[in-house]
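# Structure at a glance
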Amino acid sequence: MTSSIHDRAVLHNGVQMPWVGLGVYKAEDGDEVIQSIKWAIDEGYRSIDTASLYENEAGVGQAIAESHVPREELFITTKVWNTDQGYGKTLEAFDASLKRLGLDYVDLYLVHWPVPGKYKETWKALEKIYHEGRAKAIGVSNFKQHHLEDLMADAEIKPMVNQVEYHPRLSQEDLLLYCKKQGIQLEAWRPLLKGEIFEEPTLVELADKYDKSVAQIILRWDLQNGVVTIPKSVTEHRIQENIDIFDFELTNEDMTRISALNQDKRNGADPDDPEFYKPFE
Ligand code: NAD
């Protein structure tokens, strides 16, 4: 049971990953992202999730450089964007990300989406980066089970993490079970559904029962399901609230009630939608 902010998920290569991280999608590069990360670190966050797509890696790097926490205590994730997929382009994109971040390694490098026909070559580049020690762990994002099976059929290294859309409207129980069996850590993006589920009566009732916010109830549900979570906020009190989830425990019955809110409903793109990949062909 995850009962302390210091607890870590242990990836299949032994690397330790914080259960809660700060997502910085749409946090503006410069003051906004820098200030958010500083607040987060002060509140005990040690993990930051960015991507080249978010165009704020420079600000993330500046916040890290200015932080009082040693680099080895931080867990920095970035991702290769769809237009950069393929072996050579991924290696170049990784170098560019490291440079913008001002780092000599990241903790986790992810394939952002399973771009058809490209993700296997992209993965070979990630394996090379891993062997060079420039990413302490490598993984994928938005991979369904069939993508994982296809990738692993040729891969030398099994992904350590799969970061997918995951919240009470899309609980992906089959994928979670499959990843657990494979030793692949599932990580939730858009865990709060951008706040669009905060009026849901069951969640409001549970928030009242535990004297917690709806956001905290959802994030605690992630942890008790064994899912790493990366809520985004640029507001100090919300950043604080989103990691204050280690002092209570949902009962099994309440966990089941939250899981029953599933509607298999995506907010973002379906990783199998060919239309989504057209701009990247
Ligand atoms: P989210 O579910 O984390 O929602 C963030 C929004 O919810 C905030 O902008 C704010 O409006 C609201 N919010 C946050 N905390 C709150 C609180 N305590 N009370 C009230 N409202 C609150 O959505 P997201 O940013 O899309 O997802 C989180 C992170 O996941 C991203 O920042 C990014 O790092 C990652 N992500 C990855 C992918 C991917 O394809 N791999 C896609 C989307 C997001």
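You'll find the structure just up there.
Note that the structure is predicted; figures quoted are calculated from it, not measured. (Residues numbered from 1 in each chain as written. Predicted model: local features only at pLDDT ≥ 70, side-chain atom pairs only at ≥ 80, totals over all residues. Heavy atoms only, no water.)

Counting buried residues along strand β8 (residues 161-165), five of its five residues qualify, which places the element largely inside the surrounding structure. Direction of pairing for strand β7 (residues 135-141) relative to β8: parallel, over a ladder of two bridges. Residue pairing in the sheet places S141 in a bridge with Q163 of β8. Once the chain exits β7 it traverses helix α5 (residues 145-154) before rejoining the sheet at β8, and the crossover so formed is right-handed. Pairing geometry for β8 and strand β9 (residues 185-189), over five bridges, is parallel. Within β9, the position partnered with Q163 by the bridge is E187. As a crossover connection, the stretch from β8 through helix α6 (residues 173-182) into β9 is right-handed. (Buried < 20%, exposed > 50% of the residue type's maximum accessible area, 1.4 Å probe, protein only. Helix = DSSP H or I, 4+ residues; strand = E, 2+ residues; numbered from the N terminus. Pairing = 2+ DSSP bridges. Right-handed = clockwise from strand over helix to strand, strands pointing away.)

Right, let's get into the pattern of salt bridges. The final tally for this structure, using the stated rule, is 19 salt bridges. Across the salt bridge formed by E57 and R100, the nearest N and O atoms sit 2.7 Å from each other. Separated by 43 residues along the polypeptide, E57 in helix α2 (residues 57-66) and R100 in helix α3 (residues 87-101) bring together distant segments of the chain. Of the residues examined, R100 reaches a relative accessible area of 39% and is grouped as partly exposed. The closest approach of N and O atoms between D254 and K209, which form a salt bridge, is 2.6 Å. Remark: K209 occurs in helix α7 (residues 201-210) and D254 occurs in helix α10 (residues 252-259); sequence separation between them is 45 residues. (Salt bridge = Lys/Arg side-chain N within 4 Å of Asp/Glu carboxyl O.)

The next subject is the site of the ligand. Near the ligand lie 26 residues; those nearest to it are D49, S141, Q163, R190 and L192. Within the side chain of R190, one N or O atom sits 2.7 Å away from an oxygen atom of the ligand. The backbone of K194 places a nitrogen or oxygen atom 3.1 Å from an oxygen atom of the ligand. When the ligand sits alone it has 830 Å² of accessible area, and the protein chains cover 88% of it. Here the element with the most residues in the shell around the ligand is helix α9 (residues 236-243); it accounts for three residues. Across the shell around the ligand, the residue classes break down as 12 nonpolar, seven polar and seven charged. (Near = heavy atom within 4 Å. Polar contact = N/O pair within 3.5 Å; in protein donor to acceptor, adjacent residues only side chain to side chain. Areas by Shrake-Rupley, 256 points an atom, 1.4 Å probe, with all protein chains shown as cover. Nonpolar A, V, L, I, M, F, W, Y, C, P; charged D, E, K, R; others polar.)

The next point concerns the sheet that holds β7. Read across the sheet, eight strands follow the order β3-β4-β5-β6-β7-β8-β9-β10 without closing on themselves; strand pairing throughout is parallel. Both outer strands of the open sheet, β3 (22-23) and β10 (228-229), are each paired with one neighbouring strand and no more. Seen against the sheet, α3 touches β5 (75-80) and β6 (106-111) and runs at an angle of roughly 140° to β6. (Contact = heavy atoms within 4.5 Å. Axes fitted to C-alpha atoms, helices over the stretch in contact; angles between N-to-C directions.)

What follows deals with the packing of aromatic side chains. Summed over the entire model, instances satisfying the criterion amount to 10 aromatic pairs. Between W81 and F280, the ring centres sit 5.6 Å apart and the planes meet at 85°, which makes this aromatic pair edge-to-face. Taken as a pair, W81 in the loop between β5 and α3 and F280 in the segment after α11 (274-277) lie far apart in primary sequence, 199 residues in all. Here the aromatic cluster, defined as three or more aromatic residues joined through ring pairs, consists of W81, W113, W189, F276, Y277 and F280. Over the ring of Y105 we find R71; its NZ or CZ atom is 4.0 Å from the centre of that ring. Over the face of the ring belonging to F248 we find R220, whose NZ or CZ atom lies 5.9 Å from the ring centre. (Phe/Tyr/Trp six-rings, centres within 6.5 Å; stacked < 30°, edge-to-face > 60°. Lys NZ or Arg CZ within 6 Å of the ring centre and 35° of its normal.)

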